[in-house]
Amino acid sequence: MRINHFWAVHQWLPVLLSMLRMLGELGRDGSRGLLGRILLTASPRTYYVVQYWESKEKLYAYATAPDAFHHRAWALVNRKEKAGKVRGHVGIWHETYVVPEGSYESVYGDMPAFGLAAAHGQVPLERRGRYAKDRFAYRSRREPEPGKTV
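Draft legend 1. Looking closely at helix α3 (residues 69-82). Helix length check: α3, at 14 residues, gives a terminal C-alpha distance of 20 Å against a target of 20 Å (1.5 Å per residue), a fit within 8%. Buried within α3 we find Phe69, His70 and Ala73. Along the long axis of α3, the arc covered by the buried residues comes to 100 degrees, so they all point the same way. Facing away from the buried surface of α3 by more than 90 degrees, the exposed residues are Arg79 and Lys82.

Draft legend 2. The layout of surface pockets, seen in detail. Counted as a void, the second largest pocket has a volume near 520 Å³. Taken together, 20 residues make up the lining of the second largest pocket; nearest its centre are Ser106, Gly121, Gln122, Val123 and Arg128. Counted by class, the lining of the second largest pocket contains ten nonpolar, six polar and four charged residues.

About the thresholds
Residues numbered from 1 in each chain as written. Predicted model: local features only at pLDDT ≥ 70, side-chain atom pairs only at ≥ 80, totals over all residues. Heavy atoms only, no water. Helix = DSSP H or I, 4+ residues; strand = E, 2+ residues; numbered from the N terminus. Expected span 1.5 Å × (residues − 1). Buried < 20%, exposed > 50% of the residue type's maximum accessible area, 1.4 Å probe, protein only. Arc of directions from axis to C-beta. 1 Å grid on protein atoms, 1.4 Å probe; cavity = no way out; pocket = protein on both sides within 12 Å on 5 of 7 lines; lining within 4 Å. Points joined across faces, edges and corners; volume = space filled by probe spheres on them. Nonpolar A, V, L, I, M, F, W, Y, C, P; charged D, E, K, R; others polar.

In structure tokens form, the structure reads like this:
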């Protein structure tokens, strides 16, 4: 979310509160597929949420579920836009990336689980490999038994 006009609190505050309400709803119902999230700020006017989902299918299912708050919030935005009541006081954006296992790396040193590790769990470096090529080759579902190879 980007606040385009600080003085238009009546426009951007509901957007901020809606996101918090959606995150609360998702936090109470783990079956929806949200594994974790991080609230961040890039500046006094730009705020965002990085979310980690079990699958894109679960993300899409939540986004379109008639019983979910997201559905009601977007219906309101669409009605305001059609009525010409969106004034450009607040900007929103959404980006989705599908990243298969083995196509990313997260390394944490001397800090608690954060980001992807907090959402999906950690694997000690010793189990994944000392070198990047070994860590990228690691697959959690295909871990060999000691003394065996895959």
